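# Coordinate inspection notes
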Amino acid sequence: MTSRAENLLNHPALGAACRLLLGGLFIYTAISKLSDPADFARFIAAYRLLHPDLVNLAAITLPWIELIAGALLVLGVWPQSAALVIAGMLGLFLGAGFLAVVRGLDIECGCFLPFLGSDELDWTFFVRDAVLLLLAAQVWLWPSSFLPGRR
Amino acid sequence: MALRPSPNAARRDLGGAILGALAIVLGSAALGLLVNHFSPYGIPVVPRTEAARVPLPPGLTGITVEQAKAALEAGSTPFLDARDSAKYAAGHLPGAYHLPIAEFEPRFLDLADKLERAPQVVVYCDRADCGEAIELAERLKEAYQGQVLVFVDGWNAWVAAGYPVTKGETP
């Protein structure tokens, strides 16, 4: 990599922007899901990936993992760990969406991001999640923080 | 090189980062379970019955695709299709009546004779998260005396199971 490109990629402003955007999005969607776990469980059930006994457990815990990981990312506390958790969830969502499309399920995404494309499992879903994965990769490679004494 | 400290640090910290990630996942999940336990909006962690695996509003009972088939074959339970006219015409459960929420009142009056003799009815829409069936069930609770069952997985599950269907306009 040229040092110019690397200068750009590890620029503190870019790191802060990635953390704020990614963390902020996860906090936002988590709050939408937290307000109605029964509704979120219906979205998860529609994917038909989890055993029925595990659907509610996922609906109860996933939004909290999103919320905490998002908050840690925004603050820059354990930024690499938070980025890893978020990348893992994005990978999970991408895989679930891919399987739903492959199996021909006519379901809504359940992404709770009304301002970023439709809630259908169309190309915007895959592009959006792939871009968010890139933001997580930036944080993983060049972790930064707003807290004093961290970089 | 001075510009590469972070990637090197990342490699050194891989174990720590993974441990931290695990801590975030487990801690958040525990917090979620705790909050769910005390929240008025909390849902059961493990649904008690197969039929209740998708949480429904209080007072509604869910049934599975197998239970729906058994009820349909028994013949005494009216089925109500909550989807729109185009979907109903394209295919519905054999013998199901069309009762979309948008036309609830006139159609419910037409169906009243058939429904009032039945101790229970089954409502369905496309799938677990389509919402129309639950909305219809809530309306029926006010207008209908018997038990309202929600065929949770609905039309998509019925088709996926390979069960028979009927096409055409409302009977």
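Calculation notes
Residues numbered from 1 in each chain as written. Chains lettered and ligands numbered in written order. Predicted model: local features only at pLDDT ≥ 70, side-chain atom pairs only at ≥ 80, totals over all residues. Heavy atoms only, no water. Helix = DSSP H or I, 4+ residues; strand = E, 2+ residues; numbered from the N terminus. Contact = heavy atoms within 4.5 Å. Salt bridge = Lys/Arg side-chain N within 4 Å of Asp/Glu carboxyl O. Polar contact = N/O pair within 3.5 Å; in protein donor to acceptor, adjacent residues only side chain to side chain. Nonpolar A, V, L, I, M, F, W, Y, C, P; charged D, E, K, R; others polar. Expected span 1.5 Å × (residues − 1). Buried < 20%, exposed > 50% of the residue type's maximum accessible area, 1.4 Å probe, protein only. Pairing = 2+ DSSP bridges. Right-handed = clockwise from strand over helix to strand, strands pointing away. Axes fitted to C-alpha atoms, helices over the stretch in contact; angles between N-to-C directions. Left-handed = near helix turned anticlockwise from the far one by under 90°. pLDDT = per-residue confidence, 0-100. Parallel < 35°, antiparallel > 145°, perpendicular 65-115°, else oblique.

All names here are of chain A. Despite not being glycine, Arg-48 shows a phi value in the positive range, around 50°. Turning to its location among the elements, Arg-48 is positioned in the loop between helix 3 (37-47) and helix 4 (52-75). Positive phi is not limited to glycine here, since Trp-78 has a value of about 50°. Summarising the element assignment, Trp-78 is placed in the loop between helix 4 and helix 5 (79-102).

To continue, consider the interface of chain B and chain A. The interface is formed by 40 residues belonging to chain B together with 39 residues belonging to chain A. Our count for the chain B to chain A interface comes out at 2 salt bridges. A salt bridge links Asp-106 of chain A to Arg-127 of chain B, with the nearest nitrogen and oxygen atoms 3.7 Å apart. Our count for the chain B to chain A interface comes out at 4 residue pairs in polar contact (both at pLDDT 80 or more). Contributions of two or more residues to the side of chain B that touches chain A are made by helix 1 (5-12), helix 2 (14-38) and helix 7 (154-160) of chain B. Counting residues per element, the side of chain B that touches chain A draws most heavily on helix 2 of chain B, which supplies 16 residues. Classifying every residue of the side of chain B that touches chain A gives 27 nonpolar, 7 polar and 6 charged.

The next thing to look at is helix 2 (residues 12-34) of chain A. Note that an α-helix has 3.6 residues per turn; residues three or four places apart therefore point the same way. Residues and elements named next belong to chain A. Compared with the 33 Å implied by 1.5 Å per residue over 23 residues, the 32 Å span of helix 2 between its first and last C-alpha is a close match. Listed as buried for helix 2 are Gly-15, Ala-16, Cys-18, Arg-19, Leu-22, Gly-23, Leu-25, Phe-26, Thr-29, Ala-30 and Lys-33. Buried positions along helix 2 lie against helix 3, helix 4, helix 5 and helix 6 (123-141).

All names here are of chain B. With 4 of 5 residues buried, strand 5 (residues 147-151) is to be regarded as a mostly interior element. With 3 bridges joining them, strand 1 (residues 61-63) and strand 5 adopt parallel strand pairing. Looking at strand 5, one finds that Gly-62 is bridged to Val-150. As defined by bridge partners, strand 4 (residues 120-124) adjoins strand 5 across 4 bridges and the pair is classed as parallel. Note that in strand 5 the partner of Val-123 across the bridge is Val-150. Tracing the backbone out of strand 4, into helix 6 (residues 132-143) and back to the parallel element strand 5 gives a crossover that is right-handed.

Attention now goes to the packing of helix 5 of chain A against helix 2 of chain B. Contact geometry of helix 5 of chain A with helix 2 of chain B gives a least axis separation of 8 Å together with a crossing angle of 65°. In the crossing of helix 5 of chain A with helix 2 of chain B, the sense of the turn from one axis to the other is right-handed. Packed against helix 5 of chain A, whose contacting residues are Gln-80, Ser-81, Ala-82, Leu-84 and Val-85 of chain A, the element helix 2 of chain B presents Gly-16, Ala-17, Ile-18, Gly-20, Ala-21, Ile-24 and Val-25 of chain B at the interface.

Here we come to the confidence of the model for chain A. Confidence along chain A averages 87 in pLDDT terms, with 92% of residues attaining 70 or more. When pLDDT is averaged over each element of chain A, helix 5 of chain A comes out on top at 95 and helix 1 (residues 3-9) of chain A at the bottom at 79.

Turning next to the sheet that holds strand 1 of chain B. In space, the 5 strands of this open sheet follow the order 1-5-4-2-3 (chain B), with parallel pairing throughout. Looking at which strands have only one partner, the edges of the open sheet turn out to be strand 1 and strand 3 (97-98) of chain B.

Moving on to the packing of helix 2 of chain A against helix 4 of chain A. Residue and element names in this part refer to chain A. Closest axis-to-axis distance for the helix 2/helix 4 pair is 8 Å, and the angle between their directions is 155°. With respect to their mutual orientation, helix 2 and helix 4 come out roughly antiparallel. Considering only the axes of helix 2 and helix 4, their crossing is left-handed. Mapping the contact onto sequence places Arg-19, Leu-20, Leu-22, Gly-23, Gly-24, Phe-26, Ile-27, Thr-29, Ala-30, Ile-31, Lys-33 and Leu-34 in helix 2 and Pro-63, Trp-64, Glu-66, Leu-67, Gly-70, Ala-71, Leu-73, Val-74 and Leu-75 in helix 4.

Next up on the list: helix 6 of chain A. Helix length check: helix 6 of chain A (19 residues) gives 27 Å between terminal C-alpha atoms against 27 Å at 1.5 Å per residue, within 8%. For helix 6 of chain A, the complete set of buried residues consists of Thr-124, Phe-125, Arg-128, Asp-129, Leu-132, Leu-135, Ala-136, Gln-138, Val-139 and Trp-140 of chain A.

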